[in-house]
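# A look at the structure
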Amino acid sequence: MTPEQYVQQKAAASGSSFYYAFLFLPPPRRAAITAFYAFCREVDDVVDEVSDPGVARTKLAWWHTEVARAFAGEPSHPVMRALMPSVPAFGLEQEQLQAVIRGCEMDLEQTRYLDFAGLQRYCHLVAGVVGEVSARIFGQSRPETTAYAHKLGLAFQLTNIIRDVGEDAMRGRIYLPVNELQQFDVKAHEILQRKHSDRFIALMRFQAQRAHALYEEALALLPAQDRRSQKPGLMMASIYRTLLREIEDEDFRVLNQRISLTPVRKLWLAWKVQALGRMA
């Protein structure tokens, strides 16, 4: 299997909403974003799939070294071999990849966040930086687009957190800020035991309102000059906001099930943005 085939398989197998936006890109940009997305999946999977924290730390340390080697001209992993040809073309930086790894390392050290400011620091590494890299690959021409991409990445991450509350609880993690659990009188043990309640619904409605506000703020930051080039991000925003509304319609029953959109619906939402320039 070639490095290009490896990253393509990694991206397609994930079933992520991101994959549907990649389909509409021209080949060089599609190759670059597919390789970068595969990199993000590789390091994220270390945390999610390796049960021994010590082993996970060792693997992530290996990735820090592998990224440094790749930028020195000696990539060994198929993901880095697929990604490196795109680095000069799109101005990708080693520090950006290292930041994503540091974000994954936070998952090994921290399972609670006292407040939203603390959660934001985590989201900056695992989502904001990813948004910035993606915007460059998509064809960013204006510096203001960086702020749009970062904020949109944060909105995506908050949507993921809302969707994955139950799955994260099974791993002993709660990404909802502690002071907000206290505000809505939701106990941590209730989430870990996956107990649905009116108080939990109120807490999650608060989280969803914040996410919706971030989508609006992000879209307002996108310069008109970059709206066409950033269509893949707008496709993902359409898919993710539709998912968020589905979760709201289901009264946030995310503790014992994973609410998702079908592949056909994701593709339809992406196509609408591509063909009509219109988000759901």
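Just above, that's the structure.
Residues numbered from 1 in each chain as written. Predicted model: local features only at pLDDT ≥ 70, side-chain atom pairs only at ≥ 80, totals over all residues. Heavy atoms only, no water.

## Side note on the overall build of the protein chain
Counting its secondary structure elements, the protein chain contains 15 helices and zero strands. Compactness check: the protein chain gives a C-alpha radius of gyration of 18 Å against a globular reference of 19 Å for 280 residues, within 12% of the reference. Each principal axis of the C-alpha atoms in the protein chain carries an extent, and together these give about 50 × 50 × 30 Å. The buried share of the protein chain, reckoned over its 280 residues, is 52%. In the protein chain, 71% of the contacts between residues at least 6 apart in sequence involve partners at least 24 apart. Taken as two groups, the 34 positive and 32 negative side-chain charges of the protein chain have centres that lie 4 Å from each other. (Helix = DSSP H or I, 4+ residues; strand = E, 2+ residues; numbered from the N terminus. Rg over C-alpha atoms; globule rule 2.2 N^0.38 Å. Buried < 20%, exposed > 50% of the residue type's maximum accessible area, 1.4 Å probe, protein only. Contact = heavy atoms within 4.5 Å. Lys, Arg positive; Asp, Glu negative; His and termini not counted. Charge placed at Lys NZ, Arg CZ, Asp CG, Glu CD.)

## Considerations on the environment of Val-67
Mapped onto the elements of the fold, Val-67 is located in helix α4 (residues 53-71). You can call Val-67 buried: its relative accessible area is 0%. Taking the C-alpha atoms as reference, Val-67 lies 32 Å from Ala-270; in sequence the two are 203 residues apart. Those residues within four positions of Val-67 in sequence are excluded, and the remaining contacts are Phe-39, Met-80, Gln-94, Leu-97, Gln-98 and Ile-101.

## Concerning a nonpolar patch on the surface
Together, Trp-268, Trp-271 and Leu-276 line one region of the surface with nonpolar side chains, adding up to about 330 Å² of accessible area. Structurally, the position occupied by Trp-268 is in helix α15 (residues 263-276). (Patch = residues over 30% accessible without salt bridge, like charges linked within 9 Å, V, L, I, M, F, W, Y side chains within 5 Å. Areas by Shrake-Rupley, 256 points an atom, 1.4 Å probe, with all protein chains shown as cover. Salt bridge = Lys/Arg side-chain N within 4 Å of Asp/Glu carboxyl O.)

## Looking at a negative patch on the surface
A grouping of Asp-198, Asp-249, Glu-250 and Asp-251 is seen on the molecular surface, where their side chains present a negatively charged patch. On the accessibility criterion, Glu-250 (38% relative accessible area) is partly exposed.

## Let's talk about the packing of aromatic side chains
Any aromatic ring pair is given by two values, namely how distant the centres are and how the planes are angled relative to each other. In the structure shown here, the tally under the stated rule is eleven aromatic pairs. Their ring planes at 40° and their centres at 4.7 Å tell us that Phe-156 and Tyr-240 sit as a pair that is tilted. With Phe-156 in helix α9 (residues 145-163) and Tyr-240 in helix α14 (residues 231-249), this pair connects stretches of sequence that are 84 residues apart. The same class applies to Phe-156 as to Tyr-240, namely buried. With a centroid separation of 5.4 Å and an interplanar angle of 20°, the aromatic rings of Trp-268 and Trp-271 are classed as stacked. You can see Trp-268 and its partner Trp-271 sitting in helix α15, three residues apart, about one turn around the helix. (Phe/Tyr/Trp six-rings, centres within 6.5 Å; stacked < 30°, edge-to-face > 60°.)

## Side note on the nonpolar core
Phe-36, Phe-39, Met-80, Leu-119, Leu-158, Leu-176 and Ile-191 are the most contacted members of the largest nonpolar core, which totals 97 residues. Tallying contributions element by element places helix α8 (residues 116-138) first for this core, with 13 residues. In this structure Leu-176 touches Tyr-113, Ile-161, Val-165, Leu-181, Ile-191, Leu-203, Met-204 and Gln-207, once residues within four positions along its chain are discounted. (Core = buried A, V, L, I, M, F, W, Y, C linked by side-chain atoms within 4.5 Å.)

## So, helix α7 (residues 94-109)
For α7, which comprises 16 residues, the first-to-last C-alpha distance of 23 Å matches the rise-based estimate of 22 Å (1.5 Å per residue) to within 8%. Those residues of α7 that fall on the buried side of the exposure criterion are Gln-96, Leu-97, Gln-98, Ala-99, Val-100, Ile-101, Gly-103, Cys-104, Asp-107 and Leu-108. Check the buried side of α7 and you find it contacts α3 (27-49), α4, α5 (78-83) and α8. (Expected span 1.5 Å × (residues − 1).)

## Some words on the packing of α3 against α8
Close contact between α3 and α8 brings their axes to 9 Å; oriented N to C, the two are set at 165°. By the criterion of interaxial angle, the relationship of α3 to α8 is roughly antiparallel. Handedness of the α3/α8 crossing: right-handed. When α3 is examined against α8, the residues Arg-29, Ala-32, Ile-33, Phe-36 and Cys-40 are found in contact with a partner set consisting of Val-130, Val-133, Ser-134, Arg-136, Ile-137 and Phe-138. Considered class by class, the residues forming the contact of α3 with α8 number eight nonpolar, one polar and two charged. (Axes fitted to C-alpha atoms, helices over the stretch in contact; angles between N-to-C directions. Parallel < 35°, antiparallel > 145°, perpendicular 65-115°, else oblique. Left-handed = near helix turned anticlockwise from the far one by under 90°. Nonpolar A, V, L, I, M, F, W, Y, C, P; charged D, E, K, R; others polar.)

## Notes on α8
Helical periodicity: at 3.6 residues per turn, an α-helix aligns residues three or four positions apart in one direction. Maximal helix bending in α8 amounts to about 50°, located at His-124. By the criterion of burial, α8 is predominantly enclosed, with 18 of the 23 residues buried. Directly beyond the C-terminal end of α8, a positive phi value near 120° is found at Gly-139. (Bend = angle between axes of the 7 residues up to and from the residue.)

## Re the pattern of salt bridges
Proximity of charged atoms lets side chains of opposite charge pair with each other. Overall, the coordinates contain 19 salt bridges when judged by the stated rule. We note a salt bridge from Lys-10 to Asp-45, for which the minimum N-O separation is 3.1 Å. Highlighted residues: Lys-10 in helix α1 (residues 3-14) and Asp-45 in helix α3, separated in sequence by 35 residues. Note on Asp-45: relative accessible area 13%, which makes it buried. Of the charged contacts in the structure, one is a salt bridge between Arg-258 and Glu-167, with a shortest N-O distance of 3.0 Å. Taken together, the residues Arg-258 in the loop between α14 and α15 and Glu-167 in helix α10 (residues 165-170) connect sequence positions 91 residues apart. Using a relative accessible area of 42% as the deciding quantity, one classes Arg-258 as partly exposed. Residue Glu-167 is classed as partly exposed on the basis of its relative accessible area, which comes to 30%. The network of salt bridges with common partners includes Lys-10, Arg-41, Glu-42, Asp-44 and Asp-45.

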